[in-house]
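# Structural overview
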Amino acid sequence: MQELNVVGKSVRRKDALDKVLGKSQYSGDIKLPGMLHVKVLRSPVAHALLKNIDCRAAESLPGVHAVLTAKDIPESNTHGIIIKDEPVLVMDKIRKIGDPLVVVAAETEEIALRALSLIEVEFEELPAVFDPEEAMKPEAPKVHDGGNIQSIRKIRKGDIEAAFAHADIVVETSYRTQMQEHAYIEPEAGVAYLDGDVVVLRVSTQNPHFDCKEVARNLALPLNKVRIVQAPTGGGFGGKLDISVQIYIALLAIRAKRPVRLVYTREESMLASTKRHPYVIKYKTAADKNGKLMAIDVIVIGDTGAYASYGPGTLTRSAVHATGPYEVPNVRVDAYTVYTNNPTAGACRGFGVPQLAFAHEQQMDMVAQRAGISPIQVRLLNALRPNSQTGTGQVLETGVGFVETIEVAQAKALEVLGRIC
Amino acid sequence: MDVPWKKPGAKLPVLEGDKNMSKQTINFMLNSQKVSAQVESDSRLVDFLHEMGLTGTKLGCGEGDCGACTVIIDGQTANSCLVLAPQIDGKEVTTIEGLGSYEQLHPLQEAFIEEGAVQCGFCTPGMLLSAKALLDENSNPKREEIIRSISGNLCRCTGYTKIANAIEKVVRSKS
Amino acid sequence: MSKFEYYRPKCLNEVFKLMAENHGYSLLAGGTDLMVKLKENLIKPTAVIDLDGLEGLKGINLEAGRIVLGALTTHTRLEQSELINRFAPALAKAAGLVGSPQIRNKGTVGGNMGNASPAADTVPVLIALGAEVVLSSKEEIRTIPLEELFLGPGRTVLKPGELITTISFEVLNHQGCSFQKLGKRKALAISVINASASLEIEPETKVIKKVRIALGSVAATAVRVSAGEEILIGNYYSSELIKKAAEEVSKAIRPIDDVRSTAIYRKRVAEVLVGRALEEAWSQVTCTRGG
């Protein structure tokens with residue numbers, strides 16, 4: 001084979017040199033002449049009608065350059081990766097703790113924080129819903145006008161009823177997985193400044209092109225007047241795909257006509273950022289007496305929190321992966337994306353698959369137990385192989401490495417533990 | 001720093017920081033150079049370093065959990081978010097900026113690059129300083145000692161194995 | 001963080017003077033807890049008195065059969081000290097399991113006491129070792145048993161103008177001590193529960209003469225559990241006896257549910273940890289120091 005310059009070689013990371021020397025300029029390290037500091041006032045309550053915001057005292061504080069609310073957003077005041085359901089700043093309804101209400105730009109962070117403390121917010125608290133199963137009930141408090149079931153993704157293959165009727169083994173279990181914070185080690189941060197009539201952002205992000213479109217849309221600017229530069233980004237893991245500081249700083253740079261910087265504290269990062277979707281999974285498996293899978297019947301409920309973010313995409317992935325790496329002839333999956341007043345859930349390493357893996361692997365162990373075979377045997381018996389058909393009907397032609405993976409793992413287990421299982 | 005909440009009807013808070021607190025002068029060694037500076041009594045070392053333009057020290061959590069702000073004070077690692085700037089008066093501080101330069105990388109820096117021990121890079125300065133403090137004290141640490149020495153530094157990209165490999169590489173090349 | 005004045009006095013008299021002049025003072029030893037409280041605005045001192053200048057309160061000495069720890073001795077120093085490793089290895093072990101290297105380099109044993117966290121790792125060992133603390137103020141110097149220092153989470157019997165100066169415990173030839181910790185991780189973990197035990201035996205007969213069992217994170221303060229101790233005293237060591245004592249300890253404690261764990265889990269693991277702590281203490285008493 002022809003030798004290539006890069007492929008097959010160990011290549012030095014392009015940014016490693018700056019990083020080991022501490023010279024990399026992450027967004028929070030950037031200082032610009034005349035730069036202002038931004039802070040965000042966030043909701044202390046999970047569900048409320050916003051009645052009034054009085055910013056007068058904050059505005060008159062010396063050193064404060066701009067105090068903006070939803071009324072100051074030129075265009076849509078919504079953003080969202082799949083559905084535009086999240087306000088840049090809350091206009092009328094608070095849907096989660098940490099929902100942004102006001103942004104302030106001031107000479108120092110300290111002044112900006114003092115300005116926040118001077119803002120009077122009037123709101124009327126509403127009953128909130130924190131459990132996705134509760135949220136699906138008709139009488140539950142409505143997080144959004146359209147109801148709490150944001151979307152349903154269904155998969156149907158074969159004849160479920162017949163398979164369960166003829167099954168020797170039926171395993172039915174409910175699983176719950178927890179919410180998870182990405183906790184990238186660099187909290188969200190960004191700077192924005194004007195370069196002529198172009199607003200330039202250097203920001204900690206995984207999604208600069210999306211950021212550009214959202215900023216342009218909310219600020220009513222053509223795309224070529226917004227430039228997003230991804231600064232060195234201290235981890236993301238899916239959590240920096242959504243909008244964080246971008247729209248605030250672009251808006252404030254334009255309004256204050258000064259460069260601005262916003263660096264979240266760790267607390268604010270936890271409060272404002274998306275999380276891994278907590279799931280409720282009701283998983284029913286049918287198998288014959290040998291442990292060969294006959295059908296699965298699965299209900300997946302993903303708590304996407306106050307806003308959709310990547311919810312529908314995550315739940316779609318969960319539906320598709322509900323069978324795990326196994327061949328299942330009859331499949332029924334209903335995957336619900338549900339709104340609650342919890343923190344927004346979005347993309348997070350694995351994107352809905354780890355939650356399902358937790359469930360289907362438990363199911364497989366229980367099927368093995370009932371069939372009287374080993375956990376490895378049950379997996380090999382049902383493994384996807386070349387020419388297997390997945391739950392969505394796709395025929396896998398090549399690159400199906402599951403059996404080989406099990407064999408390697410088996411050999412490793414033997415080597416390390418001296419036994420298998 | 002907390003984002004303060006404001007509930008309706010609450011009284012305006014008494015503004016903090018209105019009292020004119022005295023600044024104090026501190027003299028210390030920073031990366032082998034004598035420094036004299038005026039600091040506010042309540043400023044944290046990590047913020048003070050950033051004010052001085054030394055932004056290589058990273059702030060990750062602000063409570064001593066993540067180790068991104070690790071510096072070396074008098075030969076021992078410390079979280080610079082848990083140290084007040086006036087505390088370093090009379091001390092010797094080493095930050096990532098004092099470890100090496102573009103012209104002359106520290107062997108640890110070289111090894112981190114070579115071994116692929118750098119990913120997002122935000123934990124890297126703290127990791128390097130923890131490793132340096134270890135090697136300064138013990139030139140031939142065992143693998144377990146290496147791992148223990150970086151146990152106060154979180155790498156959320158989870159690149160610990162390569163980081164430990166990089167440190168081990170320096171140990172091996174010395175011995 | 002609130003605004004405060006910072007002081008670094010050089011001697012105790014200066015500390016007393018500053019404490020008298022600044023009613024809203026906070027003492028800064030290692031700062032690993034204080035700085036977090038300042039950041040969270042949980043405390044708003046008018047003055048922060050840094051004790052780092054008190055060189056006399058740093059260090060570990062053997063004086064008249066007692067190990068005396070200066071309150072400002074860091075966990076790193078405790079962990080590495082030859083004296084501690086020789087006479088109280090369980091304390092070195094506990095100190096080495098506190099936080100992270102960075103935290104151990106800064107955090108001090110006196111600060112760990114003064115912070116009065118029920119999960120503090122050095123406290124159960126020091127209680128098991130029968131430690132006493134010396135509290136000093138301008139007016140008086142008083143010595144109290146360590147377990148009497150704590151009133152509740154973050155609360156001690158320290159009066160305004162008073163500080164912890166030394167902590168000491170007797171070195172006994174026929175005593176073994178241990179430390180067991182359960183955290184959610186191996187490093188940077190606040191204890192879900194921790195336990196220490198000391199056993200003193202009659203050298204001739206090997207009968208257990210004196211026992212102290214102390215646990216952290218199972219109550220508002222670190223506690224001694226006499227129910228487990230009584231079973232052992234006057235008896236010969238055996239695995240059945242250890243099991244019985246551990247069960248009694250588990251029955252006697254009243255832990256709570258909190259962010260780190262649940263009451264039920266703590267009761268269960270207390271039994272396991274106390275069992276291990278007693279085994280470890282026994283192995284110490286029988287193998288060391290030519291005792």
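Residues numbered from 1 in each chain as written. Chains lettered and ligands numbered in written order. Predicted model: local features only at pLDDT ≥ 70, side-chain atom pairs only at ≥ 80, totals over all residues.

### Quick look at the overall build of chain B
Looking only at helices and strands, chain B features 5 helices and 5 strands. When the helices and strands of chain B are listed from N to C terminus, the series reads β-β-α-β-β-β-α-α-α-α. Taken over 175 residues, chain B has a buried fraction of 53%. The contacts of chain B with a sequence gap of at least 6 include a subset with a gap of at least 24, amounting to 60%. (Helix = DSSP H or I, 4+ residues; strand = E, 2+ residues; numbered from the N terminus. Buried ≥ 20, exposed ≤ 12 C-beta atoms within 10 Å, placed from the backbone. Contact = placed C-beta atoms within 7 Å.)

### Observations concerning the interface of chain A and chain B
Often, the extent of an interface is quoted as the loss of accessible area upon association of its parts. Of the residues lining the interface, 42 residues belong to chain A; the matching set on chain B comes to 37 residues. When contributions to the side of chain A that touches chain B are tallied by element, the ones reaching two or more residues are α1 (16–21), β1 (36–42), α3 (109–117), β8 (120–125) and α8 (266–272) of chain A. A per-element tally of the side of chain A that touches chain B places α3 of chain A first, with 6 residues. Classifying every residue of the side of chain A that touches chain B by side-chain character gives 18 nonpolar, 7 polar and 17 charged. (Nonpolar A, V, L, I, M, F, W, Y, C, P; charged D, E, K, R; others polar.)

### Describing the interface of chain B and chain C
Listed as interface residues are 27 residues of chain B and, on the opposing side, 24 residues of chain C. Broken down by element, the side of chain B that touches chain C gets its largest block of residues, 4 residues, from strand β4 (residues 76–79) of chain B. Here the residues of the side of chain B that touches chain C are counted per class, giving 6 nonpolar, 15 polar and 6 charged.

### A short note on the sheet that holds strand β4 (residues 60–63) of chain C
Residue and element names in this part refer to chain C. On the basis of which strands lie adjacent, the open sheet formed by 5 strands has the order β4-β5-β10-β6-β7 and antiparallel pairing. The open sheet has two free edges, formed respectively by β4 and β7 (141–145), since each of these has just one partner strand. Neighbour to neighbour, the strand axes of the sheet diverge by 25° on average, direction disregarded. Sheet analysis places strand β6 (residues 132–137) next to β7, joined by 5 bridges and oriented antiparallel. When the bridges of β7 are listed, Ser136 appears paired with Ile141. (Pairing = 2+ DSSP bridges. Axes fitted to C-alpha atoms, helices over the stretch in contact; angles between N-to-C directions.)

### Thoughts on the nonpolar core
Residues and elements named next belong to chain A. Val104, Ile249 and Leu252 are the most contacted members of the largest nonpolar core, which has 212 residues in total. Not counting residues up to four positions away in its chain, the partners in contact with Leu252 are Val38, Ala66, Leu68, Val103, Ala105 and Val260. The next biggest cluster of nonpolar side chains, apart from the first, holds 42 residues, and it includes Ala140, Tyr279, Val280 and Leu356. (Core = buried A, V, L, I, M, F, W, Y, C linked by C-beta atoms within 7 Å.)

### Some words on the domain arrangement of chain B
Residues and elements named next belong to chain B. Domain boundaries in chain B define domain 1 (23–98) and domain 2 (107–174). Computed from C-alpha coordinates alone, the two centres of domain 1 and domain 2 are separated by 21 Å. With 16 residues of domain 1 at the contact, the number on the domain 2 side is 13 residues. Where the side of domain 1 that touches domain 2 is concerned, the elements lending two or more residues are β3 (70–73) and β4. The dominant element in the side of domain 1 that touches domain 2, judged by the number of residues it contributes, is β3, at 3 residues. In terms of residue class, the side of domain 1 that touches domain 2 is built from 6 nonpolar, 9 polar and 1 charged. (Domains from an automatic or database assignment.)

### Re the packing of helix α2 (residues 107–114) of chain B against helix α3 (residues 124–137) of chain B
Residues and elements named next belong to chain B. Viewed as axis vectors pointing N to C, α2 and α3 meet at an angle of 130°, and their least axial separation amounts to 10 Å. The orientation of α2 with respect to α3, classified from their angle, is oblique. Here the hand of the crossing between α2 and α3 comes out right-handed. Here Leu108, Gln109 and Phe112 of α2 lie close against α3, whose contacting residues are Thr124, Leu128, Ala131 and Lys132. (Parallel < 35°, antiparallel > 145°, perpendicular 65-115°, else oblique. Left-handed = near helix turned anticlockwise from the far one by under 90°.)

### Focus: the packing of α2 of chain B against helix α5 (residues 160–174) of chain B
Residues and elements named next belong to chain B. Contact geometry for α2 and α5: axes closest at 8 Å, N-to-C directions at 130°. As far as their axial angle goes, α5 and α2 are oblique. The crossing of α2 and α5 is right-handed. Side by side, α2 and α5 meet where Pro107, Leu108, Ala111 and Phe112 of the first sit next to Ala166, Ile167, Lys169, Val170 and Ser173 of the second. Looking at side-chain class alone, the contact of α2 with α5 contains 7 nonpolar, 1 polar and 1 charged residues.

### Description of the environment of Asn140 of chain B
Residues and elements named next belong to chain B. Tracing the backbone through its elements, the reader meets Asn140 in the loop between α3 and α4 (143–149). On a C-alpha basis, the gap between Asn140 and Asn165 in space is 14 Å, while along the polypeptide they are 25 residues apart. Residues contacting Asn140, with those up to four places away along its chain left out, are Val171 and Ser175.

### Focus on the arrangement of the chains
Here 2 pairs of chains are in contact, and chains A and B lead that list by number of contacts. Contact between chain A and chain C is absent, and the minimum C-alpha spacing across the pair is 10 Å.

### Regarding the pairing of strand β2 (residues 48–54) of chain A
Bridge count between β2 of chain A and strand β6 (residues 93–94) of chain A: 2 bridges; the pairing is antiparallel. Bridge pairing links Leu49 of chain A to Lys93 of chain A in β6 of chain A.

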